[in-house]
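Survey of secondary and tertiary structure
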Amino acid sequence: MEAFNVVIGKVAPMLAANIDTDVIMPKQFLKGIDRKGLDRGVFFDQRFLESGDLNPDFVLNRTAWRGAKFLAVGPNFGCGSSREHAVWGLKQLGIRALIGTTYAGIFYDNCQRNGLLAIELEEEKMSELASLLSSGPVGDVSIDLPTQKISLENNGDIKFDIDPMRKEVLLLGIDAIGSTLMHADTIDKFEHRHLKENPWLC
Amino acid sequence: MKNPKTLYDKLIDSHTVCELDDEGHVLLYVDRQVLNEYTSPQAFSGLREADRRVRRPEASLAVVDHVNSTEAQRISVQPEEGGALQVNFFEKNCKDFGIELFDILDRRQGIEHVVAPEQGFILPGMVIGAGDSHTTTYGALGAFGFGIGTSEIEHLLATQTLIYKKLKKMRVVVSGALGVGVTSKDIIMAVIRNIGASGATGYAIEFCGPTIEALSIEARMTVCNMAVEAGARGAFMAPDEKVFEYLEFKPRTPKGQLWLQAKEKWAQLYSDAEAVFDKEISLGASQIEPMVTWGTSPDQAVNINGCVPNPREETDPIKRKGMERALAYMDLAVGAPIEEIAITHAFIGSCTNARIEDLRQVAAVVRGKKINPDVRGMIVPGSSEVRVQAQLEGLADIFISAGFEWRQSGCSMCLAMNDDVLSPGDRCASSTNRNFEGRQGAGVRTHLMSPAMVAAAAINGHLCDVRTISMEND
Ligand code: SF4
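Residues numbered from 1 in each chain as written. Chains lettered and ligands numbered in written order. Predicted model: local features only at pLDDT ≥ 70, side-chain atom pairs only at ≥ 80, totals over all residues. Heavy atoms only, no water.

Side note on the overall build of chain A
In plain terms, the rule: Numbering of helices and strands runs from the N terminus; a helix is a DSSP stretch of H or I covering at least four residues, while a strand is a stretch of E covering at least two. Buried means the residue's accessible area, taken with a 1.4 Å probe over protein chains only, is under 20% of the maximum for its type, while exposed means over 50%, and partly exposed covers the values in between. Contacts are residue-level and defined by heavy atoms, with any inter-residue pair within 4.5 Å sufficient. Here the Shrake-Rupley method, with its probe set to 1.4 Å, supplies the accessible areas, and only the displayed protein chains count as covering residues. Under this rule, positive means Lys or Arg and negative means Asp or Glu; His and the chain ends count for nothing. For charged residues, the charge sits on one atom: NZ in Lys, CZ in Arg, CG in Asp, CD in Glu.
Scanning chain A for helices and strands turns up eight helices and eight strands. Considered along the principal axes of its C-alpha atoms, chain A spans approximately 60 × 40 × 25 Å. Each of the 202 residues in chain A was classed as buried or not, and the buried ones make up 57%. Long-range pairs, those at least 24 residues apart, make up 65% of the contacts in chain A between residues at least 6 apart in sequence. For chain A, the accessible area works out to roughly 8600 Å², and carbon and sulfur atoms hold 52% of it. Charge centroids of chain A, computed over 22 positive and 28 negative side chains, lie 4 Å from each other.

Looking at the domain arrangement of chain B
All names here are of chain B. Our working definition: Marked domain ranges trace back to an automatic or database domain assignment. By buried area we mean how much accessible surface two parts lose on assembly, using a 1.4 Å probe and totalling the loss over both. Between Lys or Arg on one side and Asp or Glu on the other, a salt bridge is scored when a side-chain nitrogen of the former is within 4 Å of a carboxyl oxygen of the latter.
Once the domains are mapped, chain B shows domain 1 (1-289) and domain 2 (291-473). Using C-alpha coordinates to define each centre, domain 1 is positioned 24 Å away from domain 2. Contacts between the two partners involve 48 residues from domain 1, matched on the other side by 46 residues from domain 2. Here domain 1 meets domain 2 over a buried area of about 3900 Å², counting both sides, of which 53% is carbon and sulfur. When the buried area of domain 1 at its contact with domain 2 is split by residue, Thr70, Ile111 and Glu289 rank highest and sum to 18% of it. Counting across the domain 1 and domain 2 interface gives four salt bridges.

Describing unusual backbone geometry
In the Ramachandran plot, A:Asn76 falls in the positive-phi region, its phi being about 65° despite a non-glycine side chain. Tracing the chain through its elements places A:Asn76 in the loop between strand S3 (70-73) and helix H3 (85-92). We classify A:Asn76 as buried; its relative accessible area is 0%. One non-glycine residue, B:Asp331, lies in positive phi territory at about 55°.

A few points about the site of the ligand
Defined as follows: Distances are taken per atom, and a residue is near a molecule or strand as soon as one of its heavy atoms is within 4 Å of it.
In the vicinity of the ligand, the contacting residues are B:His66, B:Ile111, B:His113, B:Asp132, B:His134, B:Ser350, B:Cys351, B:Cys411, B:Cys414, B:Leu415 and B:Asn433. Residues from two domains meet in the shell around the ligand; each of domain 1 (1-289) and domain 2 (291-473) of chain B gives at least three.

Some remarks on the interface of chain B and chain A
Quick reminder of the rule: Each residue receives one of three labels: charged for Asp, Glu, Lys and Arg, nonpolar for Ala, Val, Leu, Ile, Met, Phe, Trp, Tyr, Cys and Pro, and polar for the others, Gly being one of them.
Taken together, the contact between chain B and chain A spans 69 residues of the former and 55 residues of the latter. At the boundary of chain B with chain A, total buried surface from both sides reaches about 5200 Å², with 58% on carbon and sulfur atoms. Applying the counting rule to chain B against chain A returns nine salt bridges. Within the residue set of the side of chain B that touches chain A, elements represented by two or more residues are strand S1 (16-19), strand S2 (25-29), helix H2 (41-49), helix H3 (81-97), helix H5 (150-159), strand S8 (161-165), helix H10 (256-266) and helix H11 (317-330) of chain B. For the side of chain B that touches chain A, the element with the most residues is H5(B), which contributes seven residues. Looking at the side of chain B that touches chain A, its residues break down into 24 nonpolar, 26 polar and 19 charged.

Regarding the sheet that holds strand S15 (residues 345-348) of chain B
Residue and element names in this part refer to chain B. Heads up, the rule is: Two strands qualify as a pair provided DSSP detects at least 2 bridges between them.
With parallel pairing, five strands are arranged side by side in an open sheet as S17-S16-S15-S18-S19. The open sheet has two free edges, formed respectively by strand S17 (405-406) and strand S19 (445-448), since each of these has just one partner strand. Relative to strand S18 (residues 427-430), S15 runs parallel, the two sharing three bridges. By the bridge assignment, Ala346 is partnered in S18 with Ala429.

Remarks on the side chain of B:Gln160
Applicable threshold: Definition of a polar contact: a pair of N or O atoms within 3.5 Å, with one able to donate and the other able to accept a hydrogen when the atoms are protein atoms, and with sequence-neighbouring residues admitted only if both atoms are side-chain atoms.
Considering the arrangement of structural elements, one finds B:Gln160 in the loop between H5 and S8. Of note is the side chain of B:Gln160, whose polar atom sits 2.7 Å from the backbone oxygen of B:Val30. Reaching out from B:Gln160, the side chain makes a polar contact with the side chain of B:Gln33 at a distance of 2.9 Å. Residues contacting B:Gln160, with those up to four places away along its chain left out, are A:Glu191, B:Leu28, B:Tyr29, B:Val30, B:Asp31, B:Arg32, B:Gln33, B:Arg55, B:Arg56, B:Ala59 and B:His155.

Structural notes on the packing of aromatic side chains
Using the following cut-off: Under the pairing criterion, centres of Phe, Tyr and Trp rings, with the six-membered ring standing for Trp, must be within 6.5 Å; the plane angle then separates stacked pairs below 30 degrees from edge-to-face pairs above 60, leaving the rest tilted. Placement of a positive charge over a ring is assigned whenever Lys NZ or Arg CZ falls within 6 Å of the ring centre and within 35 degrees of the normal to the ring plane.
In total, this model carries 17 aromatic pairs over all chains according to the counting rule given. Arranged with centres 5.4 Å apart and planes meeting at 45°, the rings of A:Phe190 and B:Tyr29 form a pair that is tilted. With A:Phe190 in helix H8 (residues 184-197) and B:Tyr29 in strand S2, this pair bridges two chains. Like B:Tyr29, A:Phe190 is buried. Over the ring of A:Phe48 we find A:Arg40, and its NZ or CZ is 4.5 Å from the ring centre. Between B:Lys10 and the ring centre of B:Tyr270, over which it is positioned, the NZ or CZ distance is 4.2 Å.

Examining the nonpolar core
Counted only if it meets this: Among buried residues, the Ala, Val, Leu, Ile, Met, Phe, Trp, Tyr and Cys ones that are joined through side-chain atoms within 4.5 Å form a nonpolar core.
One finds A:Phe43, A:Phe107 and B:Phe144 to be the most contacted residues of the largest nonpolar core, which totals 187 residues. Judged by nonpolar contacts, the second largest core, of 23 residues, contains A:Val11, A:Phe70, A:Leu117 and A:Leu121.

What about the environment of B:Arg467?
Residues and elements named next belong to chain B. Note on placement: Arg467 falls in helix H16 (residues 466-473). Distance in space between the C-alpha atoms of Arg467 and Ala204 is 33 Å, their sequence separation being 263 residues. When residues no more than four places from it in sequence are discounted, the contact partners of Arg467 are Val180, Gly181, Val182, Glu289, Pro290, Ile304 and Asn305. A distance of 2.9 Å separates a polar atom in the side chain of Arg467 from a polar atom in the side chain of Asp465.

Considering the state of the cysteines
Residue and element names in this part refer to chain B. Selection rule: Disulfides are defined in this document as cysteine sulfur pairs within 2.5 Å.
According to the stated counting rule, one finds zero disulfides over all chains in the structure shown. The cysteine Cys94 is free of any disulfide, with Cys411 supplying the nearest cysteine sulfur at 16 Å. A relative accessible area of 2% means that Cys94 is categorised as buried.

Here's the deal with the sheet that holds strand S6 (residues 141-144) of chain A
Residue and element names in this part refer to chain A. Applicable threshold: Structural elements are reduced to axes, namely lines fitted to C-alpha atoms, with helices fitted over the stretch in contact, and the angle between N-to-C directions of any two is expressed from 0 to 180 degrees.
Overall, antiparallel pairing links the four strands, which are arranged S1-S6-S7-S8 in an open sheet. Both outer strands of the open sheet, strand S1 (6-9) and strand S8 (156-159), are each paired with one neighbouring strand and no more. Geometrically, the sheet is characterised by an average inter-axis angle of 15° between neighbouring strands, direction not taken into account. Note that S6 and strand S7 (residues 149-152) share four bridges and pair antiparallel. Note on S7: the bridge partner recorded for Asp144 is Lys149.

Quick notes on the pairing of strand S6 (residues 127-130) of chain B
Residue and element names in this part refer to chain B. Here S6 shows two buried faces, one formed by Val127 and Gly129 and the other by Ile128 and Ala130. Sheet topology note: the strand S3 (residues 32-35)/S6 ladder contains three bridges and is parallel. By the bridge assignment for S6, Gln33 is matched with Gly129.

Looking at the packing of helix H8 (residues 217-226) of chain B against helix H9 (residues 241-248) of chain B
All names here are of chain B. Convention followed: Small angles under 35 degrees read as roughly parallel and large ones over 145 as roughly antiparallel, with 65 to 115 read as roughly perpendicular and the rest as oblique.
Where H8 contacts H9, the axes come no closer than 10 Å and their chain directions differ by 105°. Here H8 is positioned roughly perpendicular relative to H9, judged by the angle of their axes. From H8, Ile217, Arg220 and Met221 reach across to H9, where they touch Lys242, Val243 and Tyr246. Partitioning the contact of H8 with H9 into residue classes produces four nonpolar, no polar and two charged.

Here it is in structure tokens:
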């Protein structure tokens, strides 16, 4: 998994509430058996016109936000379907972090498992950032995970919280399966007792 | 009582292998997992790449459901290229890793969340993970099911555990009698409208109260299934005698002495009287009317007798914007009566509402009638067993004479990943769970409602109150 330390880039505003994973990654891109080529699918119906050309009105296609590495998102981002393809696609498109207030649970976990930092800000801080962004591009932003802050050129810093375990995993790009398998003996013991106590599960 | 616990606490505590930190992360043991062909391929590839095995193949059940065709004539080869690729790879993975698979020609095939309970694969007290958000369905049996992504599936297959952080607890109490023509779909749609599409984000919901107790097990599944549309990462109900009756003769439930032993243990699965919830909500069933969504988020819903709402009356700017966008996408005028919305399609299917009881309710509405000539009506049973049962009961004949297409089982137009896709501008009354933009096809407009309400809309050609139709029947 790609580690996250300090990343610098542009932040594009996408502040509508309840942007679901069907919108982030439409169904026609779910038909593969690998993770490839999903960058094209991201926000497909909004990013492209029917002709196949880029939709000039879509935020990520505008000059100011082209190549953005961060998205500032509305509440409940990533709701709906569990499809991890949404996160794979965002990462392939070059998105490294999301800044919002709340995320749907499965989506949030999927981000974590792929090294996509999903920052949860308090509503107040978020609305300040949102109003700043809606007044126009803010230049490069730096997201510093070790010190847990978002630094805006000329506009100060925003501190954010993240639980220590998630932080460590992201910082080191840890493979969760590998770390869980270190508990293999404990799992064995638990399983043995659990199946004995609930023999109908065998 | 010392240290009273909620049902959720009991389920999680009894599955905690060890604590991982002091922030609430645990290693959670998962009893069973259900797999489908579209969210699992990369998990199996990951196992292969790392040369890992599936720790407990017998804990998995694999079902083809998302991409398969629902044409009446079943064939093992999927007509559509991507679907065929996924189905073939799924078969190979199950074979290589020793996992039982219900393939497309299996008489037990169907939508995973319909099939697993139907087979007795899900039992009270279990923790279940599956690569599909509607895994919450299993809560109706007193199990704790939740959706996970593909990386987590890989983790689960390799370790039979997940790294888990405990949720907050919400209790939703529903009391009073449901009116005629009002169903459990309307209960959950009312809850979602009341608390919003993220109202239960970060929570596990326990549903209880006399109204819930009075519901059949299948009706309870509809409630737990759709709780994820309010953001809940788990939804369940304490198992009662009805659950035990439902399970007793299912193919995979324990038998004989084991059954008695299990039942005794399951009877302990309830929230202690003193247990504390982080949030409590109560709802009066008699106030619930048949519900319909008008927008593109499941919480954008109104009573069938209502009108398209006005965004200007919404004070929250983000919600107002969402409403404006939804109105434009849905092509609806503010203030228009909901009952005047004309439809082009009617779809009855999905893991929310395509069980046998749902189909019986549809049959009661359409018996002896014809669907509107401008409407294409499709019925896709939740499982192949439901399909056979509906045929035995004569329901299929009723549907066919009414003008519905009677199809094979699968997810079909719930997410339109197979060849069942509508065209831009189509408007569909749907018994499914998501009305997102493009869910049933790019530019398609979806209105969610109960199956009986879909049936009523199919007959009239526009959204309408099923209660007026039942009265004509009487
Ligand atoms: S029927 Fe719909 S919600 Fe249910 S599993 Fe299939 S796609 Fe998901």
